[in-house]
Amino acid sequence: MRYLFIIAAFMISPAFAQTIAITGGTVHTGTGAPIENGTVLIENGKIVAVGMGIRIEEDARIINASGKHVTPGIISSSSTYGLSEGAGGKYGSDTSGNDSGMTASFDVKYALNSASVVIQEGRRQGVTRAVSSPTSSGDIFSGSSALITMDNKTDMNFAEGPMHAKFGNASNRAVAWNRIRAIFDQTLDYDRNKSRAMRGQSQHYLLSFADMDALVPVLNGDKKLVLEMGSEAEIREAIQLKADYGLDLIIQGAQEAWKVASELVAADIPVIIHPQDNLLGNVTMAGTTFSNAARIEAAGVKFSIMSGNGSLYYGHHVLQFAGMAVAHGMTHDGAIRAITINAAEIFGMDDVAGSLEVGKDADVVVWDGDPLEVTSNTDHVIVRGVEYDLVSRRTLLRDRYLNLDRGDHFGKRYQGQ
Amino acid sequence: MKLSKAFKLLIGVSAIAVGTVAFAQDTDIERASLVVHDKNPFPSTYQPWPSQMTAITNAHILTGDGGEIESGTVLMDGGKIVAVGTGVSIPAGANVIDGTGKWVTPGIIDMHSHMGIWTDGGNDVRAANTAGMWGEHSVWPQTPNFPAALAAGVTTQMQLPGSANQFGGRSVTLKMVPGRTTEDLKFPGAPYGIKMACGENPRRVHQAQGRPSTAMGVFYGYRSSWIDATEYKNSWDKYYADYEAGEDPKAPKRDLKNETLMGVLNGEVLIEQHCYRADEMVNVINMSKEFDYKVTAFHHVVEAYKIADILAENDICAGMWADWWGFKLESFDGIDENIPMMAAAGGCAVVHSDSDNGGQRLNQEAAKAWADGKRVGLDFTHGEVFQWLTLNAAKAIGLDDVVGSLTAGKNADVVIWNGDPLSVYALAENVFIDGAMHYDRDNQDNQWITDNALGYVTAGDHQ
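Residues numbered from 1 in each chain as written. Chains lettered and ligands numbered in written order. Predicted model: local features only at pLDDT ≥ 70, side-chain atom pairs only at ≥ 80, totals over all residues.

## Side note on the overall build of chain B
So, step 1. Looking only at helices and strands, chain B has 12 helices and 17 strands in total.
So, step 2. Over its C-alpha trace chain B gives a radius of gyration of 23 Å, about what one expects of a compact globule, namely 23 Å for 463 residues.
So, step 3. Principal-axis analysis of the C-alpha atoms places the extent of chain B at approximately 70 × 55 × 45 Å.
So, step 4. Sequence-distant contacts in chain B: of pairs separated by 6 or more residues, those separated by 24 or more amount to 70%. (Helix = DSSP H or I, 4+ residues; strand = E, 2+ residues; numbered from the N terminus. Rg over C-alpha atoms; globule rule 2.2 N^0.38 Å. Contact = placed C-beta atoms within 7 Å.)

## Observations regarding the sheet that holds strand β13 (residues 317-320) of chain B
Residue and element names in this part refer to chain B.
So, step 1. Taken together, the six strands give an open sheet; going across it, the order is β8-β10-β11-β12-β13-β14, and neighbouring strands pair in mixed fashion. Both outer strands of the open sheet, β8 (167-170) and β14 (349-351), are each paired with one neighbouring strand and no more. The mean angle between the axes of side-by-side strands here comes to 20°, regardless of whether they run parallel or antiparallel.
So, step 2. Relative to strand β11 (residues 270-274), strand β10 (residues 193-197) runs parallel, the two being bridged by five bridges. Bridge pairing in β11 links M196 to Q273. (Pairing = 2+ DSSP bridges. Axes fitted to C-alpha atoms, helices over the stretch in contact; angles between N-to-C directions.)

## Details of the domain arrangement of chain A
Residues and elements named next belong to chain A.
So, step 1. As assigned here, chain A comprises domain 1 (1-72 + 355-417) and domain 2 (74-353).
So, step 2. The distance between the C-alpha centroids of domain 1 and domain 2 comes to 29 Å.
So, step 3. At the junction of the two partners, domain 1 supplies 25 residues and domain 2 supplies 27 residues.
So, step 4. Contributing elements (two or more residues each) for the side of domain 1 that touches domain 2: β5 (69-72), β15 (378-383), β16 (386-388) and α12 (393-401).
So, step 5. Broken down by element, the side of domain 1 that touches domain 2 gets its largest block of residues, three residues, from β15.
So, step 6. Among the residues forming the side of domain 1 that touches domain 2, the class breakdown is 11 nonpolar, seven polar and seven charged. (Domains from an automatic or database assignment. Nonpolar A, V, L, I, M, F, W, Y, C, P; charged D, E, K, R; others polar.)

## Some points on the sheet that holds strand β8 (residues 141-149) of chain A
All names here are of chain A.
So, step 1. As summarised here, the arrangement of the eight strands in space is β6-β7-β8-β9-β10-β11-β12-β13, forming an open sheet in which the pairing is mixed. Strand pairing shows two members of the sheet lacking a second neighbour, β6 (74-79) and β13 (303-305), which therefore form its edges. Shown here is a sheet whose adjacent strand axes are inclined to one another by a mean of 25°, direction ignored.
So, step 2. The pairing of strand β11 (residues 249-253) with strand β12 (residues 271-273) spans three bridges and is parallel. Within β12, the residue paired with G253 across the bridge is I273.
So, step 3. Along the sheet face, helix α5 (residues 209-219) touches β8, β9 (157-166) and β10 (225-229) and points at about 105° away from the line of β9.

## Regarding unusual backbone geometry
Residues and elements named next belong to chain B.
So, step 1. Within the chain, D292 stands out as a residue other than glycine whose phi angle is a positive 60°.
So, step 2. Structurally, D292 is set in the loop between α7 (278-290) and β12 (295-299).
So, step 3. In this structure, D434 takes a positive phi of about 50° despite not being glycine.
So, step 4. Mapped onto the elements of the fold, D434 is located in the loop between β16 (428-433) and β17 (436-440).
So, step 5. Exposure remark for D434: the 23 C-beta atoms within 10 Å place this residue in the buried category. (Buried ≥ 20, exposed ≤ 12 C-beta atoms within 10 Å, placed from the backbone.)

## A look at the interface of chain A and chain B
So, step 1. Taken together, the contacts link 30 residues of chain A with 39 residues of chain B.
So, step 2. At the level of elements, α9 (317-327) and α12 of chain A are the ones that each hand at least two residues to the side of chain A that touches chain B.
So, step 3. Ranked by the residues each element gives to the side of chain A that touches chain B, the list is headed by α9(A), at five residues.
So, step 4. Here the side of chain A that touches chain B is built from residues that sort into 17 nonpolar, 10 polar and three charged.

## Notes on the packing of helix α5 (residues 215-244) of chain B against helix α6 (residues 256-265) of chain B
All names here are of chain B.
So, step 1. Direction vectors running N to C along α5 and α6 enclose 80°, while the axes themselves pass 9 Å from each other. With respect to α6, the axis of α5 lies roughly perpendicular. Across from S225, W226, D228, A229, T230, Y232, K233 and W236 in α5, the residues of α6 making contact are N258, L261, M262 and L265.
So, step 2. Class assignment of the residues belonging to the contact of α5 with α6 gives a composition of seven nonpolar, three polar and two charged. (Parallel < 35°, antiparallel > 145°, perpendicular 65-115°, else oblique.)

## Digging into the nonpolar core
So, step 1. Ranked by size, the top nonpolar core spans 234 residues in total, and within it A257(A), A322(A), V74(B), A318(B), M342(B), V350(B) and A366(B) carry the most contacts.
So, step 2. When residues are assigned to domains, this core turns out to be shared by domain 1 (1-72 + 355-417) and domain 2 (74-353) of chain A, each giving three or more.
So, step 3. Setting aside residues up to four positions removed in sequence, M342(B) forms contacts with A304(B), Y305(B), A308(B), L311(B), A318(B), M320(B), G347(B) and A349(B).
So, step 4. Formed by five residues, the second largest nonpolar core is a distinct cluster that contains L280(A), I449(B), A453(B) and V457(B). (Core = buried A, V, L, I, M, F, W, Y, C linked by C-beta atoms within 7 Å.)

## Details of the packing of helix α3 (residues 173-192) of chain A against α5(A)
All names here are of chain A.
So, step 1. Two elements in contact, α3 and α5, have axes separated by 9 Å at closest approach and are oriented at 100°. Regarding the angle of α3 to α5, the classification is roughly perpendicular. Seen from α3, the contacting residues are F184, Q186, T187, L188, Y190 and D191; seen from α5, they are M212, L215, V216 and L219.
So, step 2. The residue inventory of the contact of α3 with α5, partitioned by class, reads seven nonpolar, two polar and one charged.

Have a look at this one:
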C-alpha cells in the first residue's frame, strides 16, 4: 500500500516540479504598478521570482506573454463552486441548509465536489480561488463557507471559510438586529455555562447548541463573519455590532458603503461589492450607484468585487464588473487588486494567494488583452503551479457543434470507428 | 373562405367596436349590425418629443444593419434619419454635434425585458393558457429602472409576461421615454406578441397547480389550445363570410384567449417563445407547421448552436444571452460561442437581457460573444456584431421596417458612445429617441427620474 502511494506521488510530481517562466508580458502583480516586459518564474508550485532581468534555467518551460497581460489568479469572493452542478435533482445543489434545521452549524465543506465541471469552467475563465459559500438557510445565519482552489483536486478545500449571515432573511431590519444580538448574547451565555446547558438547566435558546457552537469562534474573534446587507443605516448598525461584540466583520453587498466610507475605514471593516448594483430596488437603499466602487476606493475602504447574487456560475464576471467600475471612475490597478489581493486579504488567504509575490502559490493567468476588457480571454491558467488546458464541458460541446455537418461531428461514432 | 378586399379593410379598421355597419347590397334585409372587435383598444398616446435638426459629424458609425463608417455624419430631422454617410451635406440651421472620437449607433433594442412588468409579478398562474392577458396592463410606467436602460443606450424594449405558463400573455413594446400612462410609452404600431414558454418553468409551476407537468403535458396543452384557437378562427371567418354573403349570422362569443391566438393564426400576433433546448424548439417548429402559423422568435435559446441551421432555415430569430448557463438543468449546455455560431449559420442572432442589470450592458454582452466566437474562427466586423443588438432585435419584435438601423426614413433612435461600444469601458453619452435627446450624461437636467425615484435619488445617481 505504501509502495502505491510512493508511485502516485512520483507520477504527479513532475507537474509540480516543472519550472515555468512567463516572459515578456505586462505583469499586474496585485501589489503595485504593472511591470512591462516582466517575468514570472514558477518552481515547485510556487512563485520564485517576479520582475525584470530574471535568469531563466534552460530546462524551464517558457510561456511567451509578449503583448499579453499576466495577473494573479482571479478570486471569486462569493460563489457556489463545487456545491452546485446545475439546478434540479436532489443532489444537484448542496448550497443551502434550508429545511434542515441547521443555520450557523451548516458547513459546506463536507459537500464539496472536486469533480465539478463548474469549477473546471471557472478555471478556464481565469478564476483560481473561490469562497464557496452557503446560500440562504431561511434564517439569518447561513453557515460556513470553504476557501477552495479551482483545480479539481481532492485537497482543494485549503482553508476554513468565514461564517455567513444574510440580513434579508429576517422579516424586517428591527427583527434582524434584535435577533442577531439576542443570538450573540445567548451564545455567550451558552459558552459560559455549557455544562449547565448540557444538563438541560439552561434558558431556552433561539438556536440549537450546534448552531451556537459554530458561532462561538465568531464571538471570540477567531472566525470572520460575512454579513450581507447594504444600506447606510444598516452599515452604521453593523459598525456598532462589530464594536459591541469584537467581531472580525466583512460586509457583503454594501451598496451604500460610499455614504459611510470614512466610518468603514475607521472601523477597519472591508466590504464586498457588486459594482453593477445600481438599481433602485429598495427605497431605503436608494443610494445604489455604479460609482460606489470609485467612491470607496478614493476613501480608502478595503474591498473586493463579487460577481453578484444570481450569477453564481459566473465567478469570472468579476472581471467585467471590475471593468465597469473602471468605466465609472475606479482606477484600473485598483480594480485588478479588487479581484485578486484584496479578496485574498479579506478572506485571510493572502499568505498563499492573491498576488504575484515570491513564496506564494503560483496561481497565474495570462490574458490575450486587458484582463478587465470584455473581449479578452485567458491564454494560460496556472493553479498551484500547474497549467491546465483551457478545456471544459462547455468547450467540448462547442467543438462538437462547431460544424453542423452531421457526418462530420457525430460520424465517427455512427460509423463505428 | 376568401373575404373581399374592402371587407378585409373594414375588419381591419381598428376603431370600430361593436358598431353598426350597413351593407348596400343588403338593404332589403334587416340584419344585426356587423360585430368587429377593436384590435387596438389601448392605443399608443406616444408623441415624439420636441427635437431639432441635428447632425453628428466625424463619428465612427455602426449603422445597425451590418455597416460601419469610420468617419461619417448622421443627419436627423423631424424625428427621422435623413442621411448617413461620408458626404452628407449639413443644412443651415442644423444643430451640429462634433462626434470626433465618438461612436454612433442606432438605439439598442432589448427584445426581452420584464422591467415594467415584474413589479406586478409577471406570472398569473391561474391557468396554463393565459393568452387573454395583456402584459401592458401590468406595466408600471414609473418603473425606476427604465431610465437606467435608457442611459445604457436602450431605446426600445419588448416587455413580456413571465414564463410560468404555456401561454403567458401578450407582449407590449415600449419606448424608453417618460410618460404618465403606459400608453404614453407604447411604441405606435408595434405588433403584439404572445409569450409562450417551453420547458422547466411551465412544468414546475403547473405541477404545483396540479396541471400537466411534463414536456409532453406542456405540448398537449399547446396543441389543445391551438385546436381551440383554430375552431375559434374558423367560426369568425365563417361569420364574416356569411355576413358578406348577405346572411344574418350570429357573431361567435368573444374569447380573449382565443382572440390572441387567432391573431397568431391570422399572422398579426407574433410568437415570442421562451425555449432553451434544441429538441424542444424543433418540436415547437413542427407544431407551428401543424397549425399553420409562424414562430417569430425564440427567447433564451442557450442551445441555438445545436440547431442554428434549422433556425436559420425557418427564419426564426434567436434571442440569447452571451454566456448564461447552468442556472438550471435546461440551461446546462449553454456555451459562450452560442451567439456567433447562430450568426455564422446565417441566422437572426439577437442579444437580449431578461435582466434589469443585463439590460444595461447589452453592448458588452455582444462584445463578449464576439470575442469568444473569434477564438474559434468565427469573426465578425463591429458592424455585424452591432446588428445583433439592433436590426436583428427589431426583426424579432416586428419593427425592422421602422427602427434598428441608421437608414434614411427610419426613426431617429440614435446613441452617441464615448468610445468603441464593444468595450467594457464604453458609456452612452447621448441617447436620442425619434430625434429628441432623452439622455445626456453630462447634463443632469436631461436625465429622466421616474416619479417613484423622485426625492430618493438625484439625476445620475444610478447611472
